[in-house]
Amino acid sequence: MGAGLGKVGIVGAGMVGATTAFTLALQQLCREIVLLDVDRKRALGHALDISHGLPFLAPVRVREGDYQDLGGSDLVVVAAGVPQRPGESRLDLAGRNAAVFADIIPRLEAVLGPEAVVLVLTNPVDVLTWLAAKFGRRPRGRILGSGTLLDTARLRWLLGRHCGVDTRNVHGYVLGEHGDSAVVVWSGVQVGGMLLADACPRCGRGCPPEIRDEITEEVRRAAGRIIEHKGATYYAVAVAACRIAQAVLGDQRSVLTVSCPLEGEYGIRGVSLSLPWVVGREGAVRSIQPALSPQEREELRRSAEILRAATEKVGAGAG
Ligand code: NAD
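Quick caveat: nothing in here was measured; it's all calculated off a predicted structure.

(A) The arrangement of the nonpolar core in detail. With 53 residues, the main nonpolar core has L24, I33, I244 and L300 as its most contacted residues. In terms of residues, this core owes the most to one element, helix α8 (residues 235-249), which gives eight residues. When residues of this core are sorted by domain, at least three fall in each of domain 1 (7-145) and domain 2 (149-318). Setting aside anything within four residues of it in sequence, one finds L300 in contact with L175, G176, V183, Y266, I268, L273, L275 and L292. In this structure, L36, V111, V118 and V125 belong to the second largest nonpolar core, which totals 25 residues.

(B) View of the packing of helix α5 (residues 149-163) against helix α7 (residues 210-230). The contact between α5 and α7 brings their axes to 10 Å, and the two run at 125 degrees. Judged on the interaxial angle alone, α7 and α5 are oblique. Note that α5 runs across α7; the crossing there is right-handed. Within the contact between the two elements, α5 uses D151, R154, L155, L158, L159, R161 and H162 and α7 uses I211, I215, E218, V219, A222, A223 and I226.

(C) Expanded view of the environment of V125. Among the secondary structure elements, V125 is positioned in helix α4 (residues 125-135). Here V125 falls in the buried class, since its relative accessible area comes to 0%. Remark: the alpha-carbon pair of V125 and R138, spanning 13 residues in sequence, is separated by 17 Å.

(D) Quick peek at the pattern of salt bridges. The tally for this structure, following the rule as stated, stands at 23 salt bridges. A salt bridge links E32 to R31, with the shortest nitrogen-to-oxygen separation between them at 3.5 Å. By relative accessible area, which is 9% here, E32 ends up buried. The exposure class assigned to R31 is partly exposed, which follows from its relative accessible area of 39%.

(E) Just the pairing of strand β5 (residues 117-120), in detail. Residue alternation in β5 divides its side chains into two sets, V117 and L119 and V118 and V120, and both sets are buried. Pairing between strand β4 (residues 75-78) and β5: four bridges, direction parallel. Bridged to V76 within β5 is V118. Handedness of the β-α-β unit built from β4, helix α3 (residues 94-111) and β5 comes out right-handed. Examined bridge by bridge, β5 and strand β6 (residues 143-145) share three bridges and lie parallel to one another. Looking across to β6, one finds that L119 is bridged to L144. The parallel pair β5 and β6 is bridged by α4, and the resulting crossover is right-handed.

Rules used throughout
- Residues numbered from 1 in each chain as written.
- Predicted model: local features only at pLDDT ≥ 70, side-chain atom pairs only at ≥ 80, totals over all residues.
- Heavy atoms only, no water.
- Core = buried A, V, L, I, M, F, W, Y, C linked by side-chain atoms within 4.5 Å.
- Buried < 20%, exposed > 50% of the residue type's maximum accessible area, 1.4 Å probe, protein only.
- Helix = DSSP H or I, 4+ residues; strand = E, 2+ residues; numbered from the N terminus.
- Domains from an automatic or database assignment.
- Contact = heavy atoms within 4.5 Å.
- Axes fitted to C-alpha atoms, helices over the stretch in contact; angles between N-to-C directions.
- Parallel < 35°, antiparallel > 145°, perpendicular 65-115°, else oblique.
- Left-handed = near helix turned anticlockwise from the far one by under 90°.
- Salt bridge = Lys/Arg side-chain N within 4 Å of Asp/Glu carboxyl O.
- Pairing = 2+ DSSP bridges.
- Right-handed = clockwise from strand over helix to strand, strands pointing away.

This is how it looks when you write it as structure tokens:
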């Protein structure tokens, strides 16, 4: 895909925001990137650093800016706020980052056109997507969170490695919270187009059933492990964000697990969490509701309850 597809704003030019900008430039997904941060020097530094690589890439305009400069954006990625420290859960960040969003969302709404899509990356991403949708003025789906797209990628990578198969030939979804209650839909996982129930007996490696629990735990604990090792996660989330940007800017109608406020899907409402959605120019346009086993349905209901409690705690409940 060549450059020239649109303008992307990035609010929060820390590790995640700057890496997303860099990945957007590498993938040549847009013609202009505006980096906004309360630390304007940091945003300017990243804009210059990325710009100096452009002679080897494509003529993308990368610059630092304020809210006025975000006007005309097709997509705004919000990655502002505090990240987890070792031992913290994403939900521990809710209060601090809700305050950041109370500052950012009204300012964004004042400058963005009705067509713009807002993509939330800040954690806890489901709570903040709900908050942004509640205090923003966009129709449902035009504010979405990266949700479990990264968890889904982690599942595919872990399974690909376990099965000795190219991860691109492993398909499956992680639903619910981007966090400790994420739900792996094992009943729908396919390797090379076959459900595990058919693929595993033919593979003949004789994996014990506990392998699924181990992989589920690895998916849920992946970010915590990386944070213990190097203090932050930012490469994979940036690629996931760019995958969503590609679907939006190119109106690709890609099925991606993103977080949106639910309105009765699986009987859940009043909370934002991830399902597979068709993502295109208008954001998340249609949810897909795959068949779930009774256990997966129960795990999704539990995940929704955890998120509802966290959302109410920051004073942004449905009522
Ligand atoms: P960071 O500390 O490196 O960067 C955060 C940036 O936000 C800083 O530059 C800070 O100055 C800026 N900021 C704070 N308040 C602001 C405001 N009101 N307006 C504009 N800018 C503001 O943190 P990071 O590692 O880049 O992480 C950012 C967020 O992304 C965290 O909440 C983290 O948990 C989250 N994250 C999400 C995912 C995901 O899958 N969705 C993955 C990794 C990290």
